[in-house]
Structures are given as structure tokens and as C-alpha cells.
Amino acid sequence: MNYNDIYKLHLQLLSIYENNDQSSAPFQQEINYYKKQLFMFTQDNVQRIFVLNQLIKIHEKTREVLVSSCANQYFSKDKSVDDKPSIEGNLYS
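My aim in this report is to walk through the structure given alongside it, one point at a time. (Residues numbered from 1 in each chain as written. Predicted model: local features only at pLDDT ≥ 70, side-chain atom pairs only at ≥ 80, totals over all residues. Heavy atoms only, no water.)

## With respect to the overall build of the chain
Step number 1: A count of helices and strands for the chain gives four helices and zero strands.
Step number 2: Secondary structure elements of the chain occur, N-terminal to C-terminal, as α-α-α-α.
Step number 3: In the chain, buried positions account for 19% of the 93 residues.
Step number 4: Within the chain, counting contacts between residues at least 6 apart in sequence, those at least 24 apart form 71% of the total.
Step number 5: Carbon and sulfur atoms make up 54% of the accessible area of the chain, which totals about 7,800 Å². (Helix = DSSP H or I, 4+ residues; strand = E, 2+ residues; numbered from the N terminus. Buried < 20%, exposed > 50% of the residue type's maximum accessible area, 1.4 Å probe, protein only. Contact = heavy atoms within 4.5 Å. Areas by Shrake-Rupley, 256 points an atom, 1.4 Å probe, with all protein chains shown as cover.)

## Concerning helix α1 (residues 3-20)
Step number 1: Its 18 residues give α1 an end-to-end C-alpha distance of 26 Å, which sits within 8% of 26 Å, the value for a rise of 1.5 Å per residue.
Step number 2: Every buried residue belonging to α1 is among Tyr7, His10, Leu14 and Tyr17, and all of these are buried. The buried side chains of α1 occupy one side of the element, clustering within an arc of 90° when seen end-on. Counted as exposed and oriented over 90 degrees from the buried face of α1: Asn19 and Asn20.
Step number 3: For α1, the elements touching its buried residues are α3 (45-74). (Expected span 1.5 Å × (residues − 1). Arc of directions from axis to C-beta.)

Printed below as a string of C-alpha cells:
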């Protein structure tokens with residue numbers, strides 16, 4: 001695998017993140033910074049790969065926040081009034 005292949009893979013992964021990402025607002029300033037770096041200052045594929053890697057890391061931080069909040073909601077001990085009882089709860093009640 002050469003640098004051109006790695007560059008293409010990074011571009012594919014970044015495009016998937018950007019197409020599926022709906023809430024990168026907390027990190028938007030960082031994303032804009034690295035995109036500017038990517039388009040204005042990188043001169044070869046090695047530099048582009050480094051910048052793309054930074055962008056991917058930012059999108060992964062966004063996903064970490066999303067996964068963490070989903071896990072916190074799922075494992076929350078506080079049940080709201082609107083929560084439906086589980087099937088297991090009905091079987092053993």
C-alpha cells in the first residue's frame with residue numbers, strides 16, 4: 001500500500017463521517033481549521049494524510065460524545081413515567 005492509496009482511504013473515511021455526521025458543532029472550529037490546512041498548505045500526500053488523520057480524529061471525538069450520551073441514557077437508573085415496562089418485567093410480575 002502506498003501513500004496515494006492511504007490518502008484515498010482517508011478521504012473515503014472522512015467523506016463517510018461528514019455525510020453521516022449531524023452534530024459536529026462543538027468541534028466545528030477545529031474542523032474548519034484543518035480543512036483550511038488541507039486545501040491551502042499541504043503540498044504532498046504525506047502532509048494531506050496527516051491533516052486528514054486530524055480531521056478523522058475530530059469526527060471520532062464527536063462520535064465518542066454521541067456514544068457516551070446514548071450509553072448514559074440506556075443505562076440510566078432514572079426511569080421516566082413514559083417508559084414502557086420491559087417484557088421481562090411483565091413475565092415475572
